[in-house]
Amino acid sequence: MYLTAFVKPPLRQRFPLIQMLRIMKLITLLLFALCLQVSARSYSQKITISGKNISLDQVFKIIEKQTNYVFFFDEEGLRQAKPITINIKKATLTEALTLCFDGQPLGYNIVGNTIVISRKNQFAEVKKL
């Protein structure tokens, strides 16, 4: 009788505990994967813009409303830009900006949550330094 107190319980008594631990590990893994998926979706923002002969200033306002990015630009440099006709549906920020600046004397650079607009030759000078 004294020896039975220190003997391991039979396997069938330990099985529910082992099974419960496996289920808990699986649930933890699934919750972790779900959190990562939700996090990835919140960062991918899609932009929809449609218009004929609209100025870049108007396009910037539309993008600011749809995303959490702000634009930093020189008013005088923006006057040199030509109006654009654009039709974008569910495009990423870089895709939308690339289409907006195609054929324009301006370029962009994304720094944090700020999009810096400048003449294209200024970006080339910065990269050379």
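Note that this is a predicted model, so its numbers are computed, not measured. (Residues numbered from 1 in each chain as written. Predicted model: local features only at pLDDT ≥ 70, side-chain atom pairs only at ≥ 80, totals over all residues. Heavy atoms only, no water.)

Time to look at the packing of aromatic side chains. Remark: the centre distance and the inter-plane angle together describe each pair of aromatic rings, the angle taken between the planes. In this structure the tally under the stated criterion is four aromatic pairs. When the ring of Phe-60 is compared with that of Phe-73, the centres are 5.4 Å apart and the planes differ by 50 degrees; the resulting orientation is tilted. Remark: Phe-73 occurs in the loop between strand S2 (70-72) and helix H3 (75-79) and Phe-60 occurs in helix H2 (residues 56-66); sequence separation between them is 13 residues. Residue classification places Phe-73 among the partly exposed positions, given a relative accessible area of 23%. On the numbers, 6.1 Å between centres and 35 degrees between planes, the contact of Phe-60 with Phe-101 is tilted. Residue Phe-60 is located in helix H2, and its partner Phe-101 is located in the loop between helix H4 (93-100) and strand S4 (106-111); the two are separated by 41 residues in the primary sequence. Each member of the pair, Phe-60 together with Phe-101, is buried. What links up through ring pairs into an aromatic cluster is the set Phe-60, Phe-71, Phe-73, Phe-101 and Tyr-108. (Phe/Tyr/Trp six-rings, centres within 6.5 Å; stacked < 30°, edge-to-face > 60°. Helix = DSSP H or I, 4+ residues; strand = E, 2+ residues; numbered from the N terminus. Buried < 20%, exposed > 50% of the residue type's maximum accessible area, 1.4 Å probe, protein only.)

Next up on the list: the pattern of salt bridges. Under the counting rule described, the total for this entry stands at one salt bridge. Lys-61 is paired through a salt bridge with Asp-57; the nearest N and O atoms lie 3.8 Å apart. Highlighted residues: Lys-61 and Asp-57, both in helix H2, separated by four residues, approximately one helical turn. (Salt bridge = Lys/Arg side-chain N within 4 Å of Asp/Glu carboxyl O.)

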